[in-house]
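A look at the structure
For reference, the chains in residue letters:
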Amino acid sequence: MGSGPRSSVMPGAEPFELGGGGTGVLLVHGFTGTPHSMRPWGEFLAEAGLTVCCPLLPGHGTRWQDMNATTWQDWFGAADAAFTRLRERCETVFVMGLSMGGTLTLRLAEVHGSAVAGVVTVNPSLGTDRKISVLAPLLSRIIPAVPGVASDIKAHGEREIAYQRVPLRAYVSLSHLWRVTVAELGRIVCPVLTFRSRVDHVVEASSGQILLAGAASCTVSERVLEDSYHVATLDNDRQTIFEESREFIRTHALPQAQASGPLSG
C-alpha cells in the first residue's frame, strides 16, 4: 500500500446495493468502467424484488493511473468478496457482468460451482483478435496507457462514466485473466445466458465463440443484440437485457426464493 493520498471516486461511479429479498444478484462492471454502466440494470432488478450488489473494482472509478497498480486478482477478489456477502444474505445468488465483468462472473462460476445459480454476461471478453495485443507486455514497460475504449454506445446522447485511457500494465493482467478463465470454462455447471452485440467495437465475436465452445458442461444460451454496441447495458437493447435476465432468474431461482418476492407474479 502506498502512503500517498487516495484518489477520490468520480461522481456517478460509486458502488451500490439495492433492494432486498431471498434472491441476490451480483453485477460486475467492465475493464476501465464503473458501476454507472450497471445501475439501470440494477435498478430494474431491484424493482423486481431482488437484492442487488455492484462493487467498484479496485483501480477503477478514480483515475486511470490507479489501475496500473492493480491486477486481475484484485478485481476478482473484490467480485468474490461481494459474492460471499450476498451468499450470507440470500438463499440464491446469480452473477451478471458486462465485458470484463462478464469474464469475472464466469470465473466466479468456475470457482464456486453450484453455489452460483446462474450467469448472465453481456459482451464478455475472453481474448482479442488484435495482433498488436502481443506487444502489450513490452509497450507497458515504455508507455503507461493508450487511448481508451469507453462509451462504445450506439444510442444518441448516452455516455458511460469510465476512463478515457487504457492502462497497459492492467491490460496485460487482463490478458492473464482471459487465459485462466478460458482454460476452465468446462468447470461451469450452472446455466449461462449471454448477450452479444452484432456490432461491437471493443470485444470481437470470437469471445462469444470461445464461450460457446468452452462451456460444454452447462447450458449456454446466446442472444444477439441488433441495435447496440459494446456497452449494451446503456444502449438501445438494454430493456431486452433487463427483461430476459429477470426471466432467467425466474426460471432458475430456487422455488422458495421465487415465492418470497414479486418474481412470483
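Provided above is the structure to which this section pertains.
Below you will find a few notes about this structure. Owing to the predicted nature of the structure, the values given are computational and were not obtained by experimental measurement.

**Digging into the packing of aromatic side chains**
Scanning all chains against the criterion turns up 7 aromatic pairs. Arranged with centres 5.8 Å apart and planes meeting at 75 degrees, the rings of Phe31 and Trp75 form a pair that is edge-to-face. Here Trp75 lies in helix α3 (residues 72-89) and Phe31 lies in the loop between β2 (23-28) and α1 (39-47), a separation of 44 residues in the sequence. In terms of burial, Phe31 and Trp75 fall into one category: buried. For the pair Phe94 and Phe248, a centre-to-centre distance of 6.0 Å together with 70 degrees between the ring planes defines the contact as edge-to-face. Taken together, the positions of Phe94 in strand β4 (residues 92-98) and Phe248 in helix α8 (residues 238-252) put the pair 154 residues apart, joining distant regions of the chain. Taking relative accessible area as the criterion, Phe94 reaches 0% and is therefore assigned buried.

**Considerations on the pattern of salt bridges**
This model, assessed by the stated rule, comprises 11 salt bridges. Notably, a salt bridge pairs Asp66 with Arg63, separated by 3.3 Å at the nearest N-O pair. The salt bridge partner of Glu244 is Arg223, with a shortest N-O separation of 2.8 Å. One end of the pair, Glu244, is in helix α8; the other, Arg223, is in strand β9 (residues 220-225), with 21 residues separating them in the sequence. Arg223 sits in the partly exposed class, given a relative accessible area of 34%. The network of salt bridges with shared partners includes Arg107, Glu110, Glu184 and Arg187.

**Quick notes on the environment of Asn236**
Checked against the element boundaries, Asn236 lands in the loop between β9 and α8. Its relative accessible area of 41% is what places Asn236 among the partly exposed residues. Each C-alpha atom of the pair Asn236 and Arg196 lies 13 Å from the other, and the pair is 40 residues apart in sequence. The contacts of Asn236, once residues within four sequence positions are left out, are Lys154, Ala155, Asp227 and Ser228. A distance of 3.0 Å separates a polar atom in the side chain of Asn236 from the backbone oxygen of Asp227.

**Things to note about the packing of α1 against α8**
Running from amino to carboxyl end, α1 crosses α8 at an angle of 40 degrees, the nearest separation of the two axes being 10 Å. Relative to α8, the element α1 is oriented oblique. Between α1 and α8 the crossing geometry is right-handed. Between α1, through Pro40, Trp41, Phe44 and Leu45, and α8, the contact on the second element is made entirely by Arg238, Gln239, Ile241, Phe242, Glu243, Ser245, Arg246 and Ile249. Residue classes in the contact of α1 with α8 are distributed as 7 nonpolar, 2 polar and 3 charged.

The rules behind these values
- Residues numbered from 1 in each chain as written.
- Predicted model: local features only at pLDDT ≥ 70, side-chain atom pairs only at ≥ 80, totals over all residues.
- Heavy atoms only, no water.
- Phe/Tyr/Trp six-rings, centres within 6.5 Å; stacked < 30°, edge-to-face > 60°.
- Helix = DSSP H or I, 4+ residues; strand = E, 2+ residues; numbered from the N terminus.
- Buried < 20%, exposed > 50% of the residue type's maximum accessible area, 1.4 Å probe, protein only.
- Salt bridge = Lys/Arg side-chain N within 4 Å of Asp/Glu carboxyl O.
- Contact = heavy atoms within 4.5 Å.
- Polar contact = N/O pair within 3.5 Å; in protein donor to acceptor, adjacent residues only side chain to side chain.
- Axes fitted to C-alpha atoms, helices over the stretch in contact; angles between N-to-C directions.
- Parallel < 35°, antiparallel > 145°, perpendicular 65-115°, else oblique.
- Left-handed = near helix turned anticlockwise from the far one by under 90°.
- Nonpolar A, V, L, I, M, F, W, Y, C, P; charged D, E, K, R; others polar.

On their own, these measurements won't tell you what the molecule is for.
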